[in-house]
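# A closer look at the structure
As a plain string of letters, each chain reads:
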Amino acid sequence: MPDDAGNHPPRHQDDLAPRLAVVITVLVLVGYFAVAVTYVVDGNRSGRSVDAAMLGLALLPMTMLLCLQMLHSFPGLAPRLSGARRWTLALQAVLTFAPFAIFKHAWLGMPGFLAGSSLLVLVPALAWPAFAAILLCTDVLLFQVGFGWGQVAYTSVSTALTGLVVFGLSRLSGLVAEVSRSRAELARLAVAQERLRFSRDVHDLLGYSLSTITLKCELVHRLVPRQNSRAQQELSEILQTSRQALADVREVASGYRKMSLSAEAATARSMLAAAGISATAEIDCGPLPELVDTVLASVLREGLTNVLRHSKADHCAVEARRSGPRVSLTLVNDGVGRPSTILRADSSDGGSGIGNLRVRVENLGGRLRAGVRSDGWFELRAELDVSVDAPPRSGREYGPGPTVTA
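Residues numbered from 1 in each chain as written. Predicted model: local features only at pLDDT ≥ 70, side-chain atom pairs only at ≥ 80, totals over all residues. Heavy atoms only, no water.

## Some thoughts on the UniProt feature "transmembrane region" (unreviewed entry) in the protein chain
- UniProt marks residues 20-41, 53-75, 87-107, 119-146 and 152-173 with the feature "transmembrane region" (unreviewed entry), using the numbering shown here.
- Secondary structure content for residues 87-107 is 71% helix and 0% strand, while the C-alpha to C-alpha distance between its ends is 22 Å. (UniProt positions renumbered as here; feature names shortened; annotations may be inferred. Helix = DSSP H or I, 4+ residues; strand = E, 2+ residues; numbered from the N terminus.)

Right, dumping it as structure tokens:
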């Protein structure tokens with residue numbers, strides 16, 4: 001995950017935990033097998049040591065058992081054998097119990113690994129009965145080689161503990177690897193979510209500003225030959241809008257953004273008047289929480305951009321009202337079915353503004369509707385709960401909510 005400065009940790013640090021877990025598990029398994037080798041070296045109970053030939057004969061099945069145990073503890077070592085794990089478990093059982101006929105009590109270190117493998121390979125309904133059966137078979141064999149009750153009890157506890165340690169460490173290394181993969185996936189999801197947020201904010205913020213710049217540039221192009229003073233005014237507003245667009249980009253890049261519905265309604269007056277659209281804006285919802293204010297301001301921006309791009313409206317009305325814990329914003333226009341002569345919509349792109357806004361509004365528990373009313377006017381309506389964000393913005397920096405007629 002990126003840190004507070006936006007830096008990503010080196011990849012080898014993310015892989016250190018699963019690698020360390022694997023190394024520890026391998027060392028423990030090899031250590032247990034080394035202890036089992038000492039049983040063979042010690043020979044029988046009378047203290048007589050086995051000869052070199054007998055030790056060499058024991059090392060062959062012990063090496064095979066170690067390899068089988070590694071396959072069961074780390075299934076990723078041989079993915080092609082994943083479907084044959086019960087057969088490898090059966091082979092481990094044969095190599096565990098058959099050598100008792102030759103090595104007798106010197107082989108008592110092996111059943112613990114088979115008990116651990118049974119818990120790793122078999123389903124729980126079969127694993128624990130198999131675990132108990134392995135302990136029972138080991139006890140029977142120990143009685144046959146001359147062990148007493150005390151020695152059998154001690155060996156049974158040792159075998160059970162060995163099996164549980166093998167099972168626990170093997171599962172733990174797998175869980176550590178899974179957690180590491182999950183963290184990497186969460187990091188990828190966080191990056192994807194941030195990219196989606198960034199693209200939505202860029203669209204919501206810059207669509208309105210760039211549409212206004214385009215509109216005013218076209219007006220300047222028409223007015224320069226006739227009305228130089230009006231052209232100067234439009235150029236000043238273009239400069240102001242471009243500066244605001246630059247500020248919006250910087251705010252999006254830094255991860256925060258504050259917008260005001262009152263300020264957006266006031267700004268809409270200049271844009272709609274320049275476009276020759278008769279408009280009214282009635283904002284009567286009082287101070288709003290910052291998050292609600294920002295989302296509703298984004299809805300107003302996108303709605304006005306769509307009015308300029310997708311319709312030829314003569315009249316447009318904006319209304320924001322508060323009723324109890326809910327606040328609603330409504331934007332209507334009469335330009336349905338008439339293509340815009342101000343801004344040309346890109347026919348190759350259906351646009352994603354309304355979809356982006358719907359996601360943002362629904363994330364706050366509200367709803368967004370857009371469609372043609374029965375009277376033929378197009379309506380965009382957003383409703384939100386005022387209490388979704390804690391302290392409300394005072395609104396004094398923008399003054400009271402305006403009632404504007406353009």
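We are not done yet, so read on.
## Examining the side chain of Thr 96
- Along the chain, the position of Thr 96 falls in helix α3 (residues 85-97).
- Looking at Thr 96, the relative accessible area reads 0%, which means it is buried.
- Of the polar contacts made by the side chain of Thr 96, one reaches the backbone oxygen of Gln 92; its length is 2.6 Å.
- Here Thr 96 is in contact with Leu 65, Trp 107, Met 110, Pro 111 and Leu 114, once residues within four sequence places are set aside. (Buried < 20%, exposed > 50% of the residue type's maximum accessible area, 1.4 Å probe, protein only. Polar contact = N/O pair within 3.5 Å; in protein donor to acceptor, adjacent residues only side chain to side chain. Contact = heavy atoms within 4.5 Å.)

## Quick word on the environment of Leu 141
- Locating Leu 141 in the fold gives a position in helix α6 (residues 124-144).
- Spatially, the C-alpha atoms of Leu 141 and Phe 100 are 7.7 Å apart, while their sequence positions differ by 41 residues.
- Setting aside chain neighbours within four positions, we find Leu 141 in contact with Phe 97 and Phe 100.

## A look at the packing of aromatic side chains
- Scanning the model with the defined rule gives 4 aromatic pairs in all.
- A ring pair is formed by Tyr 32 and Phe 113, whose centres lie 6.2 Å apart and whose planes are at 85 degrees; its orientation type is edge-to-face. One end of the pair, Tyr 32, is in helix α1 (residues 11-42); the other, Phe 113, is in helix α5 (residues 111-121), and 81 residues separate them in sequence.
- Ring plane angle 70 degrees and centroid distance 4.7 Å describe the contact between Phe 143 and Trp 149, whose orientation is recorded as edge-to-face.
- Under the relative-accessibility criterion, Phe 143 is labelled partly exposed at 33%.
- Three or more aromatic residues link up through ring pairs in this structure, and these residues are Tyr 32, Phe 33 and Phe 113. (Phe/Tyr/Trp six-rings, centres within 6.5 Å; stacked < 30°, edge-to-face > 60°.)

## Concerning the confidence of the model for the protein chain
- Averaged over all residues, the pLDDT of the protein chain equals 76, while 79% of them reach at least 70.
- Confidence over residues 1-10 falls short of pLDDT 50; this stretch has 9 contacts with residues more than four positions distant or in other chains.
- In the model, residues 343-351 has pLDDT below 50 throughout and makes 7 contacts with residues more than four positions away in sequence or in other chains. (pLDDT = per-residue confidence, 0-100.)

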